[in-house]
Every structure is written in C-alpha cells, then in structure tokens.
Amino acid sequence: MILHPLHTDIPLPERLNNPFDYEPHPLCIQAAEEMKAHFPDNEEWKAEVERGKMFGVLVVKQKTEQQTTLGYLAAYSGQIAGRSDWEGFVPAVFDYLQPNGFFKIHEQEITRINREVEQLEKDTHRHQLLQARNLLHQEAEERIEAYKAEMQRAKRQRDTDRKTDVEGEKEAERIAESQFMKAELKRLKKQFQAQAEAQDKLIKVFEDRLDALKQERKRRSDTLQNWLFTQFEMRNALGEQRNLLDIFASATQQLPPAGTGECCAPKLFQYAFTHQLRPVCIAEFWMGASPTTEIRKEGMFYPACSGKCKPTLAFMLKGIELANGTPPSRQESSSVTFLYEDDALAVICKPAGMLSVPGKSHTCSVYDIVKERFKESDSPLMVHRLDRDTSGLLIIAKTKQCHKQLQAAFRKKLVKKRYIALLEGVLPEDKQQGRIELPLMPDYLDRPRQTVNHQMGKPAVTDYEVLGRSNGHTLIALYPQTGRTHQLRVHCAHPAGLDMPILGDTLYGKKADRMYLHAEQICFQHPESGKEVCIYSAAEFENITPPYLPKREKDLTEQYVTKN
C-alpha cells in the first residue's frame, strides 16, 4: 500500500505549505510518526537509516465518486540498500537501477574505465618510472649544485692567484680553467636533461593513456547524466510535463546537479499528481546519525533543498496557491536605534528581521535608512553586516577614509565583538567555556547554508562562555575570532561544536518567534581620535526567561563608553 489512510480529527490547512519555509503541520507530524512505526524490519534497511537518511510525508486527499478520503504518502531520498522500490513508499520518478536497463549497462562501461584508470595509476612499472625520475631530478640538482660550488671555489682560488701573479704569467691557464668548467657545467646539465627526456617518454605512454581514459570517462558520464535527466519527466498540478534538463535550462545553474529529482518532495508530488491526489501539507525530516558536514539532527524537520529542488518544485507546484511562509517583516526607520554618532561614524542597533543591505525582497534595510539619514556622505557606509534574523550592533562609516580604516581594522581582527544567544537545550556543566574550531564553506546545492569541511573549508574560530541555564535553555556569550558566514549559528548547532542550535534558527534548528542571537557589544579604536570605543546594547530577549545573571558585566542602561 502506497497511499496510507490517515484517521484524525485534526483540521486541514486551507492551503498547501511552502516546502521551503514551513512549520510542520500536526497532520504531517502524525503521518511521520505512523510512518516511523512501520519502517521495514530488516538489517539492510536498518543499517543504512542508522547512518542517516532524509524522509518525507505528503498528506493528500483522494476524491472518488463515493467519498473523499484523507491519507499520506511516504518517501525517502535517493535509494536505501540500492533500492528505489521499498514497499509502502512512493517509487522513484524514474527507476534507473534496473539490472539490464540503459543506465546500468552504460554505468558498467564507466565502471570498467574506472577500474582501468585505477590499475594504471597503481601500475608497478609506472611507479618505478616516476620514482626513477624523481631520483634523477634529485641527483641532478645535487650534482649541479655541488659542481657550482666547486666552480665558486676555483674562482676564489683564481682571484687569490691573480694577487701574487703580478705579471700575469698564468692568466691564460686561469681563463682556460674557467671556460672549461663553464662548458663542463653545460655538459652536465645536458646529460641530465637527456636522461630526463628519455624517462619522460616512457612515462608519457602511461600519462597519455590515463588522460585518454579520463576524457572518455568524462564524456560518457556527462552523456549518461544528461540522458538520465531527460528521463525524469516531472508532472505539475496543471497536468504539464517537462524533463529536468528543460526545467533547469532557465535556472541560474542551467544544468541540474547530480541527484536532482531523487529528493523526497519531488517524488511525493510526482506520485500525487500522477494519481490525481490533492496535496494538503508536506514535511521532510531526518532519521539516523548526523552527517559530519551538514547539520541534520534525528527527528527534526527540514525545508526542501534549494539547489536541486527549488527549480524542480517551482515547475511542479504551478497552479497551486501556497500558504505564506515567513517573509522578512518590513521594518521602518524608527526601529533602528542610533546609539552613538560623531562626524566620522555612527553605531546603530539593528532589529531582528531587517536586512543589513538591500536584497531580493525589496524590504527596508539598514543601508536604506542610513543612506537617507546621511544623504551627503560619499562613503559606502556599511562596514560590516549581520544576518537578517540577528539583532544588534553595526558600525556605519560616514566618510570614505573612516570606512577604509575600519575595514582594515576588521581584516586585522582589531575589532572585538560579543554576541549573546539562547540555545535550544541545556549545555552540560562541563561545557562552561571553551573554543570551537570548525572550518566552514558554503553548501553550493543549498544556499545559504554553510557546511563543515576540514579539507576545503576556511578556518572559523569561536570562543564561548555560558552565562546561565534555566527553563530548558542556555544563555551563552559568543566571541567570534573570525567572521565567516553563519559561523556562530553553525558552531552552536553542529555536533562537533556545541550540538545545540540557537533558538529560532530556522536553517540549523527550529522555528520560533525570532532567532535569539544578538550582537551585544563591539569595541574598536576610533579612526580619528585613537580612543577605544565600546558600544553596548542589551538584548530584548533577556527578559523572556528568569534572570540568568545576578549582575551583568555592564549596566543595562549604559549605551556607550569611550576610554583613552
């Protein structure tokens, strides 16, 4: 059975939720729990799910001549144990894993090339030739350098002899020796060059074969991948069909990433539209271990990915009116507080929900406000930024010179910042303070998410100290030593960090009325006066829980302090 009945008194939503921005509807939560209770009971399935897998449920209505019934569809991303056809789950949009199908036959050819490439790369004779060439280069370098040293010694001796040979009786011998040694150096270099060329010819036989195989592998892989994308004929609510290559032709990346069409949401909608089922609500959730790069926690719900699913679902959901997500609330200039201002700069407090600079949403940003206030300024104004959902302090440079100097101070890590955050849960007592070092890089298939990558990521360092624990939350101070995108959010949420998302972080945790992250204090040297300036702004959310600290580091009424 693929359409599972859903018996419930929970009211239905008026519109389908946005797969990219939603709170899981109670119907989806019920469907997810029922689905988990009926996971296949076998070792292959269990082992793969324990390693981590994304699942999804789509609540649907089925209308027949007799009645309208409510049910749900279930899906998993990709395959499990090499299968796309587990009982109780929607099938793949296109099952390319058939043993004697077009894909498997051509995949075997690519596999054969892979084996040949691997054999050539491991070939004993090739490795012996490479080793011999390295030894020859080493020997050539050592002998040539030794001979050059001998030439220098001989030259010094000739120079010494000239001082005693006033008449120059042996000058001809000295010139002949110099010429001979120079010619001998050329012969030595030529000798080694000839030996190296002979070795390179032998090695080139292997390298040419490897290059040819790799080019053939790429050609076959690209051709097979493009063929595969044409087989994914996606349906939409209007009854239209388009393959993935056509869908992505107008997208930014133009070609679909590998695995497009195999995520939960496209599979669920494809089955629903193919079988005339009306979507009611959708949710995707993670089961099993957390991955080492992405932030995924067991049982938590996540939006559809942007890289693979956004263009696909934009086509598939044509004709369906979605419920509103949580667009950025429009902020007026009065919501920005100016805490400090002089002729060179200003420091403002940005509310949560406001962009630092203009974005696609065309809502009011901090830049819009300060540009209006400082109309005569020739400065770029914005020295640094905060995420839209982070509140707190921003420095605004009113002159070009001030902007240049402040940016230099940020690059040199001379600007000190402190954030406070409320975490989802209570950190253990042994995590009172410490340092988090997790290198970060963008998730190119799911922007703006960031991933932890120890090979390709940029260094990211955060110091922290716990300020208090209460009511199932932890108030924490964060001191970023680097300024990577989403650094504090990832360092808090990642299992190798604090393993506890910031409350309200919709990318790495759960939705709340806001994200509880606030840039509380910033200290820097004033570019003109040379004085140390420390600006402080209390977070509005400090009052939502019982007092964490009997005494704050600074008086909550204090706005700024300047020191000599």
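Residues numbered from 1 in each chain as written. Predicted model: local features only at pLDDT ≥ 70, side-chain atom pairs only at ≥ 80, totals over all residues. Heavy atoms only, no water.

*Asks:* Sorry, what's going on with the domain arrangement of the protein here?
*Replies:* By a widespread convention, an interface's size corresponds to the accessible area lost as its parts come together. Split by domain assignment, the protein resolves into domain 1 (1-12 + 53-94 + 233-239 + 255-325), domain 2 (116-227) and domain 3 (337-536). For domain 2 versus domain 3, the separation of C-alpha centres amounts to 54 Å. (Domains from an automatic or database assignment.)

*Asks:* What is the right way to look at the side chain of T390 in this model?
*Replies:* As for its position among the elements, T390 is in the loop between α9 (366-373) and β10 (391-397). Judged by its relative accessible area of 2%, T390 is buried. Filtering out sequence-adjacent residues up to four positions away, T390 remains in contact with K350, P351, A352, Y419, M515, L517, H518 and A519. (Helix = DSSP H or I, 4+ residues; strand = E, 2+ residues; numbered from the N terminus. Buried < 20%, exposed > 50% of the residue type's maximum accessible area, 1.4 Å probe, protein only. Contact = heavy atoms within 4.5 Å.)

*Asks:* Quick question: what am I supposed to make of unusual backbone geometry here?
*Replies:* Only a minority of non-glycine residues have a phi that is not negative, and only a minority of peptide bonds are not trans. Here the bond from R447 into P448 is cis, since omega is 10°, no more than 30 degrees from zero. Structurally, the position occupied by P448 is in the loop between β13 (440-442) and β14 (450-452). Even without a glycine there, the phi angle at N471 is positive, about 55°. Within the secondary structure, N471 is located in the loop between β15 (461-470) and β16 (473-480).

*Asks:* How should I be thinking about the pattern of salt bridges in this particular structure?
*Replies:* Pairing between side chains of opposite charge can happen when their charged atoms approach one another. Under the counting rule described, the total for this entry stands at 41 salt bridges. Its salt-bridge partner being K148, residue E145 comes within 3.9 Å of it at the nearest N-O pair. In this pair, E145 and K148 are both assigned in helix α4 (residues 124-164), 3 residues apart and thus about one turn of the helix distant. The partner of E520 in a salt bridge is R418, and the shortest N-O contact between them spans 2.6 Å. Of this pair, E520 sits in strand β17 (residues 517-525) while R418 sits in strand β11 (residues 416-424), and the two are 102 residues apart along the sequence. Taken as a pair, E520 and R418 share a single burial class, namely buried. Each of K155, D159, R162, D165, E171 and R174 takes part in one network of salt bridges that share partners. (Salt bridge = Lys/Arg side-chain N within 4 Å of Asp/Glu carboxyl O.)

*Asks:* Just checking my understanding: could you explain the state of the cysteines for this structure?
*Replies:* Any covalent bond linking the sulfur atoms of two cysteines counts as a disulfide. All told, the structure shown has 1 disulfide when counted by the stated rule. For C523, the disulfide goes to C534, at an S-S distance of 2.4 Å. Disulfide C523 to C534: torsion about the S-S bond roughly 120°, handedness right-handed. Placement of C523 in strand β17 and of C534 in strand β18 (residues 532-536) is noted, with a sequence separation of 11 residues between them. Take C523 and C534: they sit in the same class, and that class is buried. Note on C349: no disulfide assigned, nearest cysteine sulfur contributed by C523 at a separation of 15 Å. There is no disulfide at C364, and the cysteine sulfur nearest it, in C349, is 15 Å away. (Disulfide = S-S within 2.5 Å.)

*Asks:* Help me understand the sheet that holds strand β3 (residues 68-76), please; the structure alone is not making it clear to me.
*Replies:* Across a sheet, paired strands are connected by hydrogen bonds in the backbone, their directions being either parallel or antiparallel. Reading across from one edge, β1-β3-β2-β6-β7 is the order of the 5 strands in this open sheet, with antiparallel pairing throughout. Across the chains shown, the open sheet's two edge strands, defined by having one partner strand only, are β1 (4-5) and β7 (301-302). Here strand β2 (residues 53-63) pairs with β3 via 9 bridges, running antiparallel. Looking at β3, one finds that V59 is bridged to Y72. Contacts from helix α7 (residues 264-274) reach β2, β3 and β6 (278-287), with the element oriented near 20° to β2. (Pairing = 2+ DSSP bridges. Axes fitted to C-alpha atoms, helices over the stretch in contact; angles between N-to-C directions.)

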